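One-letter residues, chain by chain:
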Amino acid sequence: MSHILYIDDDEIAIKALEGILKRSPHQLTLSTGSDDAWKLLCKNIHFDLLIMELKLKNENVWPIIKKVRANPFLKDLPILVYTSMKDRRAVTSILALDVLNYLFKPFKEHQLLQEIKRIEQTNWRIEMSGNAQLFYSRLKVNVADFHQFNLELLDRLQKINTILHACSSAQAVCKYETEIQDLAEFAEKQDFTILRAELNQILDNSKKGAWMKVQPSIQNLDNAVTMQKYRLSLIEAKIHETKKTEEEVHTEIPVEELENEPPSNTVKARFTPEQIEEKINTIADYPVVESSAAAFQMIAQETEVNLDEIVSMIERDPGLAAAVLRFSNSSFVAPSSIIEDIHQAISVLGLARVRLLAMSLRTVPDVTCMFKAYRWQDFWAHQVGCAMMSDFIFTELDLPGRSELAYLAGLISEMGKMLLCEIDVIAYRLAVRDAREKKRMLFHCERDYFGCSHDHAGLLFAKISNLSPALQTAIAYKYRPSEAHEFVEYVGCVSLANYLCTLYGIGESGDIPDPRIRSATEHPGWELFSPWMSPTFSISRFNRILESKAKSLKIELTSMANNNLK
């Protein structure tokens, strides 16, 4: 599957290409102008192919082709150009810029798919980023050590990237000469020679006072970060391919081929609770999917920033919400009291810190290998569904407190699953497989492999992140609401919302509905609402309202997930 960036402003052409690609496994990101496309290319998104119309209504795309070819980290990105303008000189000029091909409208479906197939037979990033596998093999370096070196390289690169983006002159850059030189030498040792060359160029031009030449090189470091993340993905794939334990071979096994795995009662947990806590303590930031991070970065960097638009985006993405809450409650910000609301968080942070956070987000690919059995978009739909349903229950029952906190608690209640995947994605796939095939609750299967469930992992991360007690309690007691003794209104909403989303198939979470529960009001979370129930409250009516809401949410969120509108 290829991720394609598509530049065109003609509605008919856009629909035509979307129609072709919907019948294929490829992912499409649309841009209607070269400036917007360049911002996307400079953010943390992996694109395999750039397709563009040569003549847009108000501009042509020549400049962006030249910018791509001049960028050391993008210069080998395959570009496919098409147009209705049959000008031989234009064709000759375009081909001279080393584009993949030049097609005339109306292009045929088989032509387009054939060109995509061509780029899939090669990987332009391998040569650009250095062939990591050959490099560590040649030096006889342990792959795990090489992985640690490259994690350090990414961390140092992101830090220097943030620092240099804040510089306003060549003299300011020179203040960091030692850090830049050290990073260039370290990149050379990890066979990332293009990064070393770009850092040396930044330093050389800064010493000459050539600020106009320094600025584009600093901008290029955004692409270097993306390239380094790709290098890490290759190394991690190799680790998962070769990693072994005494009990079994840890290889990437498709879900449909796992029938011969040992039954749950013979599974030995791979971690102790102490090891899980230690590993979660080392997770610096909650991961955000690339497309959400890129969209957040673009909005945050706009000259005239709409804070309401930023808040709305964060409230639609569990990863962004977790990252913002963690940052706003950190010692770096040091708020006077715990922040438990996105509006409040953005107000306290201010625009400068929001921009800093946007540039430092840790991202994972949109097409994550997290669950294997279903798409990331489906997991996103489940999380947002839990948030919206939790808010709906809170409001419908007129519970005391704040409905926006019920929404937020529902939104981040599943974050422990991503954390367990960070620790061992293969083990998590096996847990999901067991839950499906053996009709067991997922949190039981998680305990088989991790020694704890995702609600416990989420609670540990929430405590480390200094999230509010209400959010911590809602995360901790989602599966055992009757044990909660405080913030029960939020616990009940989140627990019941998760059950309803699972029951009605709102997205996917890897879980199955509890067969012992036949309606929402039979759920153990329902008992928590009894202090606020009036004698005239109609349980049958409320069940009908919840069923109707769940069905409408499923339609809404499924449509959004399928159309990548998150």
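Here's what I pulled together on the structure shown here.

Parameters and conventions
Residues numbered from 1 in each chain as written. Predicted model: local features only at pLDDT ≥ 70, side-chain atom pairs only at ≥ 80, totals over all residues. Heavy atoms only, no water. Phe/Tyr/Trp six-rings, centres within 6.5 Å; stacked < 30°, edge-to-face > 60°. Helix = DSSP H or I, 4+ residues; strand = E, 2+ residues; numbered from the N terminus. Buried < 20%, exposed > 50% of the residue type's maximum accessible area, 1.4 Å probe, protein only. Lys NZ or Arg CZ within 6 Å of the ring centre and 35° of its normal. Polar contact = N/O pair within 3.5 Å; in protein donor to acceptor, adjacent residues only side chain to side chain. Pairing = 2+ DSSP bridges. Right-handed = clockwise from strand over helix to strand, strands pointing away. Salt bridge = Lys/Arg side-chain N within 4 Å of Asp/Glu carboxyl O. Core = buried A, V, L, I, M, F, W, Y, C linked by side-chain atoms within 4.5 Å. Contact = heavy atoms within 4.5 Å. Axes fitted to C-alpha atoms, helices over the stretch in contact; angles between N-to-C directions. Parallel < 35°, antiparallel > 145°, perpendicular 65-115°, else oblique. Left-handed = near helix turned anticlockwise from the far one by under 90°. Nonpolar A, V, L, I, M, F, W, Y, C, P; charged D, E, K, R; others polar.

### Description of the packing of aromatic side chains
Here's step 1: Using the criterion set out here, one finds 10 aromatic pairs in the structure.
Here's step 2: Arranged with centres 5.8 Å apart and planes meeting at 10°, the rings of phenylalanine 271 and phenylalanine 450 form a pair that is stacked. Remark: phenylalanine 450 occurs in helix α22 (residues 442-450) and phenylalanine 271 occurs in the loop between α12 (211-242) and α13 (273-282); sequence separation between them is 179 residues.
Here's step 3: Residue phenylalanine 271 is classed as buried on the basis of its relative accessible area, which comes to 13%.
Here's step 4: The exposure class assigned to phenylalanine 450 is buried, which follows from its relative accessible area of 0%.
Here's step 5: Both rings, one in phenylalanine 394 and one in tyrosine 490, keep their centres 5.5 Å apart while their planes meet at 10°; by these two values the pair is stacked. Within this pair, whereas phenylalanine 394 is found in helix α18 (residues 376-396), its partner tyrosine 490 is found in helix α25 (residues 488-503), the two being separated by 96 residues in sequence. Per residue, the accessibility class of phenylalanine 394 equals that of tyrosine 490, and both read buried.
Here's step 6: Cluster of aromatic residues (ring-pair linked, three or more members): Trp526, Phe529, Phe537 and Phe542.
Here's step 7: The ring of phenylalanine 186 has arginine 156 sitting right over it, with the charged end atom 4.8 Å from the ring centre.

### Focus on unusual backbone geometry
Here's step 1: Even without being glycine, lysine 439 reaches a positive phi, approximately 55°.
Here's step 2: What makes lysine 439 exposed here is its relative accessible area of 64%.
Here's step 3: Not every positive phi belongs to a glycine, and phenylalanine 487 is a case in point at roughly 55°.
Here's step 4: Position of phenylalanine 487 among the secondary structure elements: in the loop between α24 (469-476) and α25.

### Topic: the side chain of arginine 433
Here's step 1: For arginine 433, the location among the structural elements is in helix α21 (residues 425-437).
Here's step 2: Separated by 2.2 Å, the side chains of arginine 433 and aspartate 434 make a polar contact.

### Re the pairing of strand β4 (residues 79-83)
Here's step 1: The buried fraction of β4 is high, at 5 of 5 residues.
Here's step 2: Residues Ile79, Val81 and Thr83 line one face of β4 and the alternating positions Leu80 and Tyr82 line the opposite face, and both faces are buried.
Here's step 3: As defined by bridge partners, strand β3 (residues 49-53) adjoins β4 across 4 bridges and the pair is classed as parallel. Note on β4: the bridge partner recorded for methionine 52 is valine 81.
Here's step 4: At this point the chain moves from β3, through helix α3 (residues 62-70), to the parallel β4, and the crossover so formed is right-handed.
Here's step 5: As paired elements, β4 and strand β5 (residues 101-104) share 4 bridges and run parallel to each other. Counterpart to threonine 83 in the pairing with β5 is phenylalanine 104.

### Considerations on the pattern of salt bridges
Here's step 1: Taken as a whole and assessed by the stated rule, the structure comprises 17 salt bridges.
Here's step 2: Between lysine 438 and aspartate 434 there is a salt bridge, with the nearest N and O atoms lying 3.4 Å from each other.
Here's step 3: Between arginine 480 and glutamate 483 there is a salt bridge; the shortest N-O distance is 3.0 Å.
Here's step 4: Taking the relative accessible area as the measure of exposure, glutamate 483 reaches 40% and is therefore partly exposed.
Here's step 5: Through salt bridges that share partners, Glu340, Asp341, Arg402 and Glu404 make up one connected network.

### Comments concerning the nonpolar core
Side chains of nonpolar character tend, in soluble globular proteins, to be buried together.
Here's step 1: Formed by 101 residues in total, the largest nonpolar core has its most connected members in Phe296, Met389 and Ile393.
Here's step 2: Looking at this core, the element that brings in the most residues is α18, giving 12 residues.
Here's step 3: Leaving out residues up to four positions away in the same chain, phenylalanine 296 has contacts with Ile310, Met313, Ile314, Leu320, Val354, Leu357, Ala358 and Leu361.
Here's step 4: Counting 29 residues, the second largest nonpolar core, distinct from the first, contains Ala170, Ile180, Val214 and Leu232.

### Focus: the packing of α24 against α25
Here's step 1: With their axes 8 Å apart at the nearest point, α24 and α25 run at an angle of 40° to one another. Classed by the angle they form, the pair α24 and α25 counts as oblique. In the crossing of α24 with α25, the sense of the turn from one axis to the other is right-handed. Here Ala470, Thr473 and Ala474 of α24 lie close against α25, whose contacting residues are Tyr490, Val491 and Val494.
Here's step 2: Residue composition of the contact of α24 with α25, grouped by class: 5 nonpolar, 1 polar and no charged.

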